[in-house]
Structure formats: structure tokens, C-alpha cells
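The residues making up each chain are set out below.
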Amino acid sequence: MPAAQREARVVLDSLRDAAAAALIAAVLALPLLGIRLSDSAQGGAPEYRLLWVLYAAVAVFFGRLAITYGSAFAAGFFGRADARPPDGPVTPGNDKRARLIELLIIAAMIAFAIALPLLPFAERNVIDRSTLILIYVLLATGLNIVVGLAGLLDLGYVAFYAVGAYSYALLTQDLGLTFWTAMPIAGLFASAFGLLLGFPVLRLRGDYLAIVTLGFGQIVHTVLVNWTEVTGGPNGISGIVRPSFFGLSFAAVPAEGETSFADYFGIEFSPDHRIYFLYYLVLAIALLAGLFVWRLKRLPLGRALEALREDETAAVALGLNPTTIKLAAFALGAFIAGIAGSLFATRQGFVSPESFTFIETAIILAIVVLGGMGSQAGIVLAAILLVGLPEWFRELEDYRMVAFGAAMVLIMLWRPRGLTTRRRPSVLLTEARA
């Protein structure tokens, strides 16, 4: 194909792809951004803000266009003529450029997350809800190991989340451990539960695996509700220990023998200090988890997980041990979920069984699938879409879930492989022939 025709095809495909994404964004933004319930003398009346819907669609259009056309642009910029359409064949040359574009996008996301508390609109409420989004990013990162890399459909993932939260609460209250000591121990407890789940499902695949993991999640939830002597039953556990800044308390009046954060640095006390510190703490842990998964993909274990996902029979024929691989996937994913649970508990200061229902697993799984299986950047985008927008537009009440369901249906129709649709192998051995 001549270079001019190839370039025209890339542009046309990119425009069609961006237009489809903008249409989905407009339909999703209509109930979330375009309609607002306002108070009036006659009661609640809808207020239409269609200009906001247009802004959202335009932003998504140009953002998607930059992502899909970025690979071809990079090829022209570096003087290479072997650009391919976004969904075309993957070769070592254009795959390296695609990875470069993806790294640039991730770097932009990280820079924005670090600078967020310094921006003019970053009030306390924005930072607190951003912390919740980062907790879901951390949860989706752990589930991405099990579902995205290993291909094991886990519908009981919220059980590890609950184990981490309750373990942290009990360790800090009953044993008097500090945040920095209790958090990794809570992760190890959740990892042990991951191994406990892994053994019974070693020979199961597909739907059968999903049913067993779903049952495991329901068992843990039932135990939390009925074991009142330990978990507090439906009332949960309150008064959970907050994190400290290397021993410096964020309380207005620190306990005896403690020094407050404000007094140590000679600044005026503000309750926002704890909110900002927790945000940066969760951000750092989420970045470490993302770096771990990124590195895991390039290690022998990560490639073994991908081999198991693609074809378990072929992986066994190559000499891989599926027992070890599955157990490792469940343990690693559960450990990250346990860490996320401890962060959720310290953010809320209270845990109860209502926070760990099946709907939480559904949301986390939706983030992984919507973002694109195995994609870290896609997880962040999906978490903002599925967790951030409903949190910021709670005035729509029950209509939020209608918009949530409609968004999932549209995404599965238009983007069945997620927002980041590019799926590529971990290793490319030779250059593809023209």
C-alpha cells in the first residue's frame, strides 16, 4: 500500500475511533453532567447543562484521537515509514513506539496526580474523593493480576479486601499496633486467604471457577455479619487508628507522649493535613503496585501467567506448573487487596459488612474489563469513570446506577476489549516481514 494511502487510512480509522468514543462519552455524560436536580418552590426540578456534555464529548474525542493516532505520529516523527493503524499488526518497531506513547500518557497522569492538591480547585472534598479513586485503582491493580494476566475469573475478590480492612482494624485496636506495622500484616493475612481459596479451585476453569470464588466471597461476608464477638457484626468496628507521619500525629490534641504534625513543623493546625497526607500515601502505594505489575509482566512469572491465560493446556505441555502459577496469582492479587483494605479502613475510621458486598467486586471487575485487560493506564481511566463521576454527582441519586449500567452496556458494544484496545504480546522475537 502506498505511503499516502496508508497515512489516509490511519487518519480515517483514528477519526472513526475517536468519534465512537466521543459518542459514548456524550451518552454517559448526559445523565451525569447534563442533568442536575435543583430546588424550587414546586420541589426538585431538572436543570439541563448540555454545554457540559459537549465539553466532555470534545475532550474525549481529542484525547482518544491523540492516543490512537499517537503511534503513527511517533513513527513519522522518528523517521520511520512502517506505521500501522491502531488495530493493525504488531511488530517490534511500532510496538516500541506504542509503548512510548503509553508511557508518556502514564507520566502525564502521574504528574497530574502529584500536582492535584496544589491546583486552585483542589478542595478537601476533591482530595478525599480522589483518595477513594486511588484505592479502587489499587484494588483493580491486584485483580488485574488474577483476571488480566492469569485469566482467572475471580468473583470473590472483595473477600480479600474485607480481610485486609478487618485485620487492620483488629490489629490496631486489640494489639495496639501502629499503622505502618499493621498494614503489611493485613496484606499478608489477605494473601493467606488467597492461598486458601487457590487450593480448592486449582482444577477449575471458566464458569466453575467463577461460581466457587463467588461462594467464597459470600462466605466471608456471612462470617463478618454473624461473628459479632470479633467483627462487631452488622455494627462493624469504629474508632480505627489513623495513620501518622513517622510518629507525628495529625490530631488537634495529640495523645500523651506524642507530637502533633503542626507543632513539629511550626504551622497552624488544619484537619486538611491528614487528608492530604493520606492522599499522597495512597498515591505512592498505588504507584508502587503499578510498577510491580509492570515489572511482573517482564519476569518469567508474568509470562507464565500470560501463557496460562492464553492456553492452559499448551502451557502445561511446555512444562509450566499451573498449580504454582495459580496460587501465585491469587496470593499476589490478595496481598494488594489487603493493603487496599487497610487504607480504606484508615480513611473511613470505620468498617462494616455493608462495605464489602458483591457489588464491590462487580465494580472492581468492571474497572479491569472496561480499562482493558492488563492495562495500567486503562485501569486509571476506568476508575475515574466508574468511581469518580458517581461520587461527584450524588445528587442524581438512583439515576447514577442507571447511567452506570448504560455505560457498561455501551462500552461492551463499542469497546468489547476495553478503553485501551491494544493487546500485544510480551515478547516479539523477530521483525515482521513487509
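Everything numeric here is computed off the predicted structure, so don't read it as measured data.

A.B. asks: Help me get a handle on the overall build of the protein, residues and values and all.
C.D. replies: For the protein, the count of helices and strands is 16 helices and 6 strands. Expressed as a percentage of its 434 residues, the buried residues of the protein come to 47%. Considering only intrachain contacts with a sequence separation of at least 6, the fraction spanning at least 24 residues in the protein is 74%. Here the protein has roughly 21,600 Å² of accessible surface; of this, 67% comes from carbon and sulfur atoms.

A.B. asks: Tell me about the packing of aromatic side chains, and please be specific about residues and values.
C.D. replies: Applying the stated criterion across every chain, the model contains 9 aromatic pairs. Ring geometry for F179 versus W180: centroids 5.1 Å apart, planes at 80 degrees, classification edge-to-face. Judged by relative accessible area, W180 falls into the partly exposed class, the value being 34%. Summarising the aromatic geometry, the rings of F344 and F356 are spaced 6.0 Å apart at their centres and angled 80 degrees between planes, so their arrangement reads as edge-to-face. Of the two residues, F344 sits in helix α13 (residues 322-348) while F356 sits in the loop between β6 (350-351) and α14 (358-371), which places them 12 residues apart along the sequence.

A.B. asks: Mind laying out the environment of F356, listing which residues take part and the relevant values?
C.D. replies: You can call F356 buried: its relative accessible area is 2%. The spacing of F356 and Y157 is 199 residues in sequence and 9.7 Å in space, taken between C-alpha atoms. Residues contacting F356, with those up to four places away along its chain left out, are V158, Y161, A162, A165, Y166, H221, F344 and V351.

A.B. asks: Tell me about the nonpolar core, and name the residues and values.
C.D. replies: Core analysis: the largest hydrophobic core is formed by 91 residues, its most contacted members being L139, L343, V351, F356 and I367. Broken down by element, this core gets its largest block of residues, 15 residues, from helix α4 (residues 124-149). Other than its neighbours up to four places away in sequence, I367 contacts Y136, A140, I379, A382, A383, L386 and V387.

A.B. asks: Kindly report on the environment of N125, identifying the contributing residues and their values.
C.D. replies: Residue placement: N125 occurs in helix α4. The exposure class of N125 is partly exposed, given its relative accessible area of 33%. With 150 residues separating them in the primary sequence, N125 and I275 have C-alpha atoms 9.3 Å apart.

A.B. asks: Provide a residue-level description of α4, including the pertinent values.
C.D. replies: The end-to-end C-alpha separation of α4 is 36 Å, in line with the 38 Å expected for 26 residues at 1.5 Å each. The largest bend in α4 amounts to roughly 40 degrees and is located at L143. α4 sits mainly inside the fold: 23 of its 26 residues count as buried. Once α4 finishes, G151 follows within two positions and takes phi at roughly 75 degrees, a positive value.

A.B. asks: Could you give an account of the confidence of the model for the protein, naming the residues involved and the relevant values?
C.D. replies: Residues at a pLDDT of 70 or more form 76% of the protein, whose mean pLDDT is 78. Across the protein, helix α5 (residues 158-174) holds the top mean pLDDT of 92, while strand β1 (residues 35-40) sits lowest at 62. Of the regions scoring below 50 in pLDDT, residues 71-90 engages in 34 contacts with residues more than four places distant in sequence or in other chains.

A.B. asks: Any chance you could break down the packing of α4 against α14 for me, citing the residues and the numbers?
C.D. replies: Geometrically, a packed helix pair is captured by the angle between its two axes and the distance between the axes. Here α4 crosses α14 at 75 degrees, and the two axes come no closer than 9 Å. Considering the angle they form, α4 stands roughly perpendicular to α14. Facing α4, whose interface residues are Y136, L139, A140, L143, N144 and V147, α14 presents E360, I363, I364, L365, I367 and V368. Considered class by class, the residues forming the contact of α4 with α14 number 10 nonpolar, 1 polar and 1 charged.

A.B. asks: So, a nonpolar patch on the surface: which residues are in play, and what are the values?
C.D. replies: A surface patch of nonpolar side chains, amounting to about 630 Å² of accessible area, comprises L51, W52, L54, Y55, V58 and F62. Within the element layout of this structure, F62 appears in helix α2 (residues 50-77).

A.B. asks: Can you explain the packing of α4 against helix α11 (residues 300-310)? Please cite residues and give values.
C.D. replies: Following both chains from N to C, one finds α4 and α11 inclined at 45 degrees, their axes separated by 8 Å at the closest point. With respect to each other, α4 and α11 are oriented oblique. Contact residues: α4 offers I145, G148 and L149, while α11 offers L305, E306 and R309. Among the residues making up the contact of α4 with α11, the classes are represented as 3 nonpolar, 1 polar and 2 charged.

A.B. asks: Could you give me a rundown of the pattern of salt bridges, with the residues and numbers involved?
C.D. replies: This structure, assessed with the given rule, holds 3 salt bridges. Its salt-bridge partner being E310, residue R309 comes within 2.9 Å of it at the nearest N-O pair. In this structure, the salt-bridge partner of K326 is E312, at a minimum N-O distance of 3.5 Å. With a gap of 14 residues between them, K326 in helix α13 and E312 in helix α12 (residues 312-317) connect regions that are remote in the sequence. Taken individually, K326 and E312 each receive the classification buried, so the pair is uniform in this respect.

A.B. asks: Residue-level account of the side chain of S167, with values.
C.D. replies: Among the secondary structure elements, S167 is positioned in helix α5. Polar contacts involving the side chain of S167 include one to the main-chain carbonyl oxygen of V163, which spans 2.6 Å. Sequence-distant contacts of S167, that is, excluding residues within four places in its chain, are made with A186 and F189.

A.B. asks: Break down the side chain of D154 for me, with residues and values.
C.D. replies: Along the chain, D154 turns up in the loop between α4 and α5. Among buried charged residues, D154 stands out as having no salt bridge; its nearest opposite-charge side chain is K326, 13 Å away. A distance of 3.0 Å separates the side chain of D154 from the backbone nitrogen of G156, its partner in a polar contact.

A.B. asks: Go over the environment of G156 with me, naming the residues and quoting the values.
C.D. replies: Assignment of secondary structure puts G156 in the loop between α4 and α5. By relative accessible area, which is 0% here, G156 ends up buried. Sequence spacing of G156 and L197 is 41 residues, and the spatial spacing of their C-alpha atoms is 9.4 Å. With residues up to four places along the chain from it excluded, the contact list for G156 reads T213, L214, F216, G217 and T361.

The rules behind each value
- Residues numbered from 1 in each chain as written.
- Predicted model: local features only at pLDDT ≥ 70, side-chain atom pairs only at ≥ 80, totals over all residues.
- Heavy atoms only, no water.
- Helix = DSSP H or I, 4+ residues; strand = E, 2+ residues; numbered from the N terminus.
- Buried < 20%, exposed > 50% of the residue type's maximum accessible area, 1.4 Å probe, protein only.
- Contact = heavy atoms within 4.5 Å.
- Areas by Shrake-Rupley, 256 points an atom, 1.4 Å probe, with all protein chains shown as cover.
- Phe/Tyr/Trp six-rings, centres within 6.5 Å; stacked < 30°, edge-to-face > 60°.
- Core = buried A, V, L, I, M, F, W, Y, C linked by side-chain atoms within 4.5 Å.
- Expected span 1.5 Å × (residues − 1).
- Bend = angle between axes of the 7 residues up to and from the residue.
- pLDDT = per-residue confidence, 0-100.
- Axes fitted to C-alpha atoms, helices over the stretch in contact; angles between N-to-C directions.
- Parallel < 35°, antiparallel > 145°, perpendicular 65-115°, else oblique.
- Nonpolar A, V, L, I, M, F, W, Y, C, P; charged D, E, K, R; others polar.
- Patch = residues over 30% accessible without salt bridge, like charges linked within 9 Å, V, L, I, M, F, W, Y side chains within 5 Å.
- Salt bridge = Lys/Arg side-chain N within 4 Å of Asp/Glu carboxyl O.
- Polar contact = N/O pair within 3.5 Å; in protein donor to acceptor, adjacent residues only side chain to side chain.
- Lys, Arg positive; Asp, Glu negative; His and termini not counted.

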